[in-house]
Amino acid sequence: MSELDKVVYCDALRVFIDTLVKKGGLSSEKAARWMNDALGVGDEIDFMDTSAFREYQAWIFKDIFSDHADEWEQLGINTSRYVVAYIDSNEEHYYLPEYFVDFDKLPEGITANQFLKSFTMKEIFGYLEDQSCWGSDLPLAQYGCRSAAGVFVREFLTHGGSFNLLLQKFTDEIGNYADCAIQYRIYVPMAIDLKDAGLLVDLTAVATSLDSPLFLGYHRLYDNRRYVMDTFDLMEAGAEVDLKKLATKVKKAKASKKINYDEYLKLMQQLFEFGYDTDFTKFAKSILKDLAETKAFKHQFVANCGHIELLNILEDRQAKPEILDELRQRIGVKY
């Protein structure tokens, strides 16, 4: 068929559906079901044979998304229902999660809002997790994000998406992020990115939820080191955290050898910087004791010059000068 034939065909299809709705008494819901079948994306409708239309699927999609999008919406047809089918029919077909972090890959005519409406938030989170875990070319640095969720929101808004629509959809379908999204491996970085984007995410609740049996059930391999680093990230983003409890986690990670001694000291330094208060003289003595018991500790300690900052912090916190002098001599730090 010529291009003219295609135009005539699609025009006739719109007029036909409009006639069924306005004069034939067909409800918009049934019209949508009929369209699903006409496009090969729904169940069979028993009162009409639409198999002949399926070979013209590409024309219909072009008419829906590019040529006469407003007219189709006015017929009561929810065009977002056909987004996935349109993507699947596109000649340049990508791995579906790729579309969520690169809206430029969407076929012609699909708007950011239509794309968002085509999926539930939980489906979106699932695709974004796939991208965060397996995507090799994820532009996190380009967008200043921690996860694919941040890239998705920025792509959505950059390509004309409505923030109010996103916020409403997130509120209606997710509500309390700490309760509903806890099963995802990218739970924490996604929370921070969504919060940065302006969505309603309580980061303190997210930090608290890391200790819940539900979270630990989903994440059986969730070790102390990852717990600590995720909690630090949440604190930097504004979450309120029990520093004493976090310090206990760090000490347990050291005892179980989940982190090496160098990492342990660096994490303790970060805790002090966040405001953790303790007996700093006693802590300095514990370092001396550890260094005396295991020679390897000395090499790990000296290897990272950042630990000189730890000594300075201990000095600022008024640890006994004679203990700090002994510690400096023990690790070879010059005044």
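Please read these numbers as outputs of a predicted model, since none were measured by experiment. (Residues numbered from 1 in each chain as written. Predicted model: local features only at pLDDT ≥ 70, side-chain atom pairs only at ≥ 80, totals over all residues. Heavy atoms only, no water.)

S.K.: Explain helix H10 (residues 148–158) to me, using residue names and the numbers behind them.
M.R.: The element H10 is extensively covered by neighbouring structure, given that eight of its 11 residues are classed as buried. Where the residues of H10 are buried, they touch helix H7 (112–117), helix H8 (121–134), helix H9 (140–143), helix H11 (163–173) and helix H13 (187–196). Immediately downstream of H10, the backbone of Gly160 shows phi near 90°, a positive value. (Buried < 20%, exposed > 50% of the residue type's maximum accessible area, 1.4 Å probe, protein only. Helix = DSSP H or I, 4+ residues; strand = E, 2+ residues; numbered from the N terminus. Contact = heavy atoms within 4.5 Å.)

S.K.: Would you mind going over the pattern of salt bridges in detail, with residue names and values included?
M.R.: Under the counting rule described, the total for this entry stands at eight salt bridges. Asp63 serves as the salt-bridge partner of Arg14, at 2.5 Å between the closest nitrogen and oxygen. Of this pair, Arg14 sits in helix H1 (residues 3–22) while Asp63 sits in helix H3 (residues 57–67); the two residues are 49 residues apart in sequence, bridging distant segments of the chain. With respect to burial, Arg14 and Asp63 carry one shared label: buried. Across the salt bridge formed by Lys62 and Asp67, the nearest N and O atoms sit 3.1 Å from each other. (Salt bridge = Lys/Arg side-chain N within 4 Å of Asp/Glu carboxyl O.)

S.K.: Run through the environment of Tyr86, naming residues and quoting values.
M.R.: Mapped onto the elements of the fold, Tyr86 is located in helix H5 (residues 83–89). A C-alpha to C-alpha distance of 9.5 Å links Tyr86 and Leu106, two positions 20 residues apart in sequence. Other than its neighbours up to four places away in sequence, Tyr86 contacts Phe61, Phe65, Pro107, Glu108 and Ile110.

S.K.: Talk me through the confidence of the model for the chain; I want residue IDs and the actual numbers.
M.R.: When pLDDT is averaged along the chain, the result is 81, and 80% of the positions lie at 70 or above. Mean pLDDT across the secondary structure elements of the chain bottoms out at helix H20 (residues 295–303), with 51, and peaks at H11, with 96. Under a pLDDT of 50 for its full length, residues 43–50 has, in the predicted model, 13 contacts with residues more than four places off or in other chains. (pLDDT = per-residue confidence, 0-100.)

S.K.: Give me the nonpolar core: which residues, what numbers.
M.R.: Within the largest apolar cluster, 97 residues are counted, with the highest numbers of intra-cluster contacts made by Phe115, Phe125, Tyr177 and Leu194. When residues in this core are grouped by element, the largest group, seven residues, is from helix H18 (residues 261–274). Each residue touching Phe115, except ones within four places of it in the same chain, is listed here: Val83, Ile87, Tyr99, Phe100, Phe103, Leu106, Ile110 and Phe152. (Core = buried A, V, L, I, M, F, W, Y, C linked by side-chain atoms within 4.5 Å.)

S.K.: With reference to specific residues and values, describe the packing of H8 against H11.
M.R.: Contact pair H8 / H11: the axes reach a minimum separation of 9 Å and the direction vectors enclose 100°. Here H11 runs roughly perpendicular to H8, going by the angle between their axes. The residues of H11 that touch H8, namely those facing Met121, Ile124 and Phe125, are Lys169, Phe170 and Glu173. Of the residues belonging to the contact of H8 with H11, the class tally is four nonpolar, no polar and two charged. (Axes fitted to C-alpha atoms, helices over the stretch in contact; angles between N-to-C directions. Parallel < 35°, antiparallel > 145°, perpendicular 65-115°, else oblique. Nonpolar A, V, L, I, M, F, W, Y, C, P; charged D, E, K, R; others polar.)

S.K.: Give me helix H19 (residues 280–293): which residues, what numbers.
M.R.: With 14 residues, H19 should cover 20 Å at 1.5 Å per step; its first-to-last C-alpha distance of 20 Å lies within 8% of that length. Among the residues of H19, Phe280, Thr281, Phe283, Ala284, Ile287, Leu288, Asp290 and Leu291 are the ones counted as buried. For H19, the capping residue at the N-terminal end is Asp279, with a side-chain oxygen 3.2 Å from the backbone nitrogen of Thr281. (Expected span 1.5 Å × (residues − 1). Polar contact = N/O pair within 3.5 Å; in protein donor to acceptor, adjacent residues only side chain to side chain.)

S.K.: A description of the packing of helix H17 (residues 243–255) against H18 should follow, citing residues and the corresponding values.
M.R.: Close contact between H17 and H18 brings their axes to 10 Å; oriented N to C, the two are set at 175°. Regarding the angle of H17 to H18, the classification is roughly antiparallel. Of the residues in H18, those in contact with Leu243, Leu246, Ala247, Val250, Lys251 and Lys254 of H17 are Tyr261, Tyr264, Leu267, Met268, Leu271 and Phe274. Here the contact of H17 with H18 is composed, by residue class, of 10 nonpolar, no polar and two charged.

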